[in-house]
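Summary of the model geometry
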Amino acid sequence: MKQCKALLRKEWDTHWPGFLIPLWITGGVYVTALIGWIISLIRGHSLSALVSVSGMPAGYDAYVLYSTAAAVTTLLGFISMISAAGLADSVINGGFKRRCEILHFSQPVSFLKIAGSKYLLVSLASILLFGLLSLLNAAVITMIGRTLVSAGFQYGFTGWLQSFIGGSLSIFFVGSLAWLFAGIFKHKSFLLGLLVLLGIEIVIGVLNYTTGWHIPSLFEFLGRMIALKVEIDPPVSVLPSAEINALIGRSWNSILSWTSALKLALSAAFTLAGAWFYQNRELS
Amino acid sequence: MSEFIYQTSNLTKHYGKFRALDNVNLSLGRGKIIGLLGKNGAGKSTLMRCMLGFLDHQGSVTLGDKVIKHRDHSIFNDVAFIPDVSGLDDRLTVRQTVRYISGVNGRWNEERAQKLLAISNLPLNFKVGKLSKGMKTKLYLLITLSLDVSFLLLDEPTLGLDIAFRKEFFNTILGEFFDESKTILISTHQAEEVEDLLQEVIFIDQGRILLHEDMEGLKTRLRVATLPADREAEILKHQPRLVSRTLGSISAVLDSAIDIPGANYSRANLADLFLSVVGGTNEAV
């Protein structure tokens, strides 16, 4: 337990600036919005001058609150995903690049604990930070939204929760993929990993062209795995407003789906494979 | 006290087609300071890294009864390693570094660490990257010497340090770490800086162990013979591997059993001994 605590603390001490990128960006957005709001107030405008929902079809206010919270959460999810990918390379290869890898591996601590503490920061801690920040955003948006539309709080929080779960799965997937690349490549791991995938995609394309096969596109598949959106089908614009509640309810199906299960399974496989490569490296 | 605690058997390491270690067999006992001497690229670092399980290899490495496999962390319950004092994590502060090692290493001796910290004058809140090379040396020594281990491996630890810090480095290790229950293996290509410390010496060249001998025995077995330059032939007929010519005289390291009438004899220094065994020029060691 003492070792795990020391390892986690060391990972935090060495990687907190990169880990907190979503926080810096969120803080920047808030500061910018606050400055805009203050300037607006100084000029004598109210909040409604900044945000207007006039002209919206009747009954759609619930959907506005839901989709705004979901969109903001998704945007933050995208930032967190990029941050987790960068973090994966940093936690695995940072020691090598700074020529201090041997110091860390010259301690009587198991590889499982070392890799576990690193992976915890890349995935679970990133998801936790994403959850806290996006919840804060959803709360702010819902509170502001409630001054403009008459929908209940639950729509904003449902939008947040659905996007948070979907976003977390994508962070898990991309973080694990980047972890695998970082385990294989010591330098420019994400770029080299993408080049390998590009190579495979080209081979698939050539095979499909020359043999008439129909091997599915790798990038299309990865795109589906990484996609952050919560699927709503059919589009809201063609639905009567009365069905919006049912529609929001049904979008849970896209979250609790086989695609999500596949994301989790692939993430676990990438994590184990990355750890294997990392463990079997030679230290020099 | 000299039970063998660290052994390598037929240790061989290839980098592609290059054979970096070639059937290395070593037995290192307890309570010794052992020098591992070799030219650059002789295989010193590779040998140490194989002994620590950092590199995959052929043959075996055992510590006590335990066979050390590739990336076997349990070895560090008994062994501490300093590769080079620049190998600290420059993202951490001094305080974070000390806290980290004390947390992950069960052999940490807090009492000794506090004592070393008190005399080190290390700035605890400074990032390691901002420390001078001398301060880094102190920090690396602090975190290593605070461990209750029986084996200390030093791989060119003073590379890049000025002479004052090199001296301080070895004095601190002798004063704070070494006793008859512990063993130190020092790899270096600067023979003169460790000469007075060593009890055993290992010469390595092209991945092969050429000599592993007690220091005193080696210095008794070999000696430097000096003759006037006009008697050069009397020395050369013994085919010495190292010959030094100075104004009016010629010197060579020869077996002590060889007696040349009229020659002056003196104790060989470690660099001369190394070159007489390995071959090469004085500049190589």
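Remember, predicted model here, so these are calculated numbers, not experimental data.

**Some words on the overall build of chain B**
Each helix and strand counted, chain B has 9 helices and 14 strands in total. Expected size for 285 residues packed as a compact globule is a radius of gyration near 19 Å; at 21 Å, chain B falls within 12% of this value. Referenced to the eigenvectors of the C-alpha coordinate spread, the extents of chain B come out at roughly 65 × 40 × 40 Å. Counting across all 285 residues of chain B, residues that qualify as buried make up 43%. Pairs at least 24 apart in sequence give 69% of the contacts found in chain B among residues at least 6 apart.

**A closer look at the sheet that holds strand β11 (residues 222-228) of chain B**
All names here are of chain B. Spatial strand order, β12-β13-β11-β14: 4 strands in an open sheet with antiparallel pairing. In the strand order of this sheet, the two ends are held by β12 (243-246) and β14 (264-266), each with one partner. Neighbour-to-neighbour, the strand axes of the sheet open up by a mean angle of 25°, direction not taken into account. The pairing of β11 with strand β13 (residues 249-255) spans 7 bridges and is classified as antiparallel. By the bridge assignment, Leu-222 is partnered in β13 with Asp-255.

**Describing the environment of Asp255(B)**
Residues and elements named next belong to chain B. With respect to the helices and strands, the residue Asp-255 is situated in strand β13. In this structure the C-alpha to C-alpha distance between Asp-255 and Val-224, which are 31 residues apart in sequence, comes to 8.6 Å. Ignoring sequence-local partners within four residues, the contact set of Asp-255 consists of Arg-221 and Leu-222.

**Focus on the interface of chain A and chain B**
Counting from both sides, the interface comprises 23 residues of chain A and, opposite them, 25 residues of chain B. Of all the elements in the fold, those that place two or more residues in the side of chain A that touches chain B are α1 (2-19) and α4 (101-105) of chain A. Element by element, the count of residues in the side of chain A that touches chain B is highest for α1(A), at 8 residues. When the residues that make up the side of chain A that touches chain B are grouped by side-chain class, the tally is 9 nonpolar, 7 polar and 7 charged.

**A short note on unusual backbone geometry**
Although it is not a glycine, Arg99(A) sits at a positive phi angle of roughly 60°. Residue position: Arg99(A) is located in the loop between α3 (61-97) and α4. In the Ramachandran plot, Asn121(B) falls in the positive-phi region, its phi being about 60° despite a non-glycine side chain. You can see Asn121(B) is positioned in the loop between α3 (110-120) and α4 (133-145).

**Considerations on helix α6 (residues 153-184) of chain A**
Compared with an ideal rise of 1.5 Å per residue, which puts 32 residues at 46 Å, α6(A) spans 46 Å between its outermost C-alpha atoms and is within 8% of the ideal. Counting buried positions along α6(A) yields 27 of 32 residues, so the element is predominantly enclosed.

**Some words on the nonpolar core**
In terms of nonpolar packing, the biggest core is built from 137 residues, with Ala88(A) and Leu153(B) touching the most fellow members. Lining this core are residues from two domains, each supplying at least three of them: domain 1 (4-212) and domain 2 (218-284) of chain B. Not counting residues within four places of it along the chain, the set of residues in contact with Leu153(B) comprises Met48(B), Met51(B), Leu52(B), Val79(B), Phe81(B) and Leu185(B).

**Things to note about the domain arrangement of chain B**
All names here are of chain B. Annotation of chain B at the domain level lists domain 1 (4-212) and domain 2 (218-284). Taken together, the 10 residues of domain 1 in the interface contact 9 residues of domain 2. Breaking the side of domain 1 that touches domain 2 down by element, the ones donating at least two residues are α6 (191-194), β9 (200-205) and β10 (208-214). With 3 residues, the top contributor of residues to the side of domain 1 that touches domain 2 is β9. The class makeup of the residues in the side of domain 1 that touches domain 2 is 6 nonpolar, no polar and 4 charged.

**Overview of the confidence of the model for chain B**
All names here are of chain B. For chain B, the mean per-residue pLDDT works out to 87, and 96% of the residues sit at or above 70. At the low end of the mean pLDDT range in chain B sits helix α5 (residues 163-176), at 79; at the high end sits helix α2 (residues 94-104), at 95. Reported confidence for the predicted complex is 0.83 by ipTM and 0.85 by pTM.

**What to know about the packing of helix α2 (residues 21-42) of chain A against α3(A)**
All names here are of chain A. At their nearest, the axes of α2 and α3 sit 9 Å apart, and the two run at 145° to each other. Seen from above, α2 lies across α3 with right-handed handedness. Contacts from Ile-21, Pro-22, Ile-25 and Thr-26 in α2 reach Leu-76, Ile-79, Ser-80 and Ser-83 in α3. Of the residues that constitute the contact of α2 with α3, the class distribution is 5 nonpolar, 3 polar and no charged.

**Focus: the sheet that holds β9(B)**
Residues and elements named next belong to chain B. Taken together, 6 strands build an open sheet; the order of strands is β6-β7-β8-β3-β9-β10 and the sheet is mixed. Edge positions in the sheet fall to β6 (79-82) and β10, since each of these pairs with one other strand and no more. Averaged over all neighbouring strand pairs, the angle between strand axes comes to 15°, with direction disregarded. Packed onto the sheet, helix α9 (residues 270-278) meets β3 (33-37), β9 and β10 and runs at close to 40° relative to β9.

**Remarks on the pairing of β12(B)**
Residue and element names in this part refer to chain B. Pairing of β12 with β13, which is carried by 4 bridges, proceeds in the antiparallel orientation. Paired with Val-243 across the bridge in β13 is Ala-252. Hairpin remark: β12 followed by β13, antiparallel, with 2 residues in the connecting loop; positive phi at Gly-248, about 80°.

Reading the values: rules and limits
Along each chain, the written sequence defines residue order, and numbers are assigned to residues from 1. Chain letters and ligand numbers both follow the written order, the letters beginning at A and the numbers at 1. At least 70 in pLDDT is required for a residue's local features to be given in this predicted model, at least 80 for side-chain atom pairs to be given and counted, and no such filter applies to totals for whole chains, interfaces and linings, which use all residues. Strands here mean DSSP runs of E at least two residues long; helices mean DSSP runs of H or I at least four residues long; both are numbered from the N terminus. When we talk radius of gyration, it's over C-alpha atoms, and the globule rule is simply 2.2 Å times the number of residues to the 0.38. Buried, partly exposed and exposed are defined by the number of other C-beta atoms within 10 Å of a residue's own C-beta, namely 20 or more, between the two limits, and 12 or fewer respectively, with C-beta atoms placed from the backbone. Contacts here follow a simple rule: the backbone-placed C-beta atoms of the two residues must lie within 7 Å. At least two bridges found by DSSP between two strands are what make those strands a pair. To obtain each axis, a line is fitted to C-alpha atoms, and for helices this fit is confined to the stretch in contact; angles are then taken between N-to-C directions over 0 to 180 degrees. Charged residues are taken to be Asp, Glu, Lys and Arg, nonpolar residues to be Ala, Val, Leu, Ile, Met, Phe, Trp, Tyr, Cys and Pro, and polar residues to be all remaining types, Gly included. In this analysis, the expected span of each helix is defined as 1.5 Å times one less than the number of residues it contains. A set of buried Ala, Val, Leu, Ile, Met, Phe, Trp, Tyr and Cys residues, joined to one another through C-beta atoms within 7 Å, is what we call a nonpolar core. How far each domain reaches was decided by an automatic or database domain assignment. A score from 0 to 100, pLDDT tells how confident the predictor is in each residue. Throughout, a crossing is termed right-handed when the near helix is turned clockwise from the far one, and left-handed when it is turned anticlockwise from it by less than a right angle.

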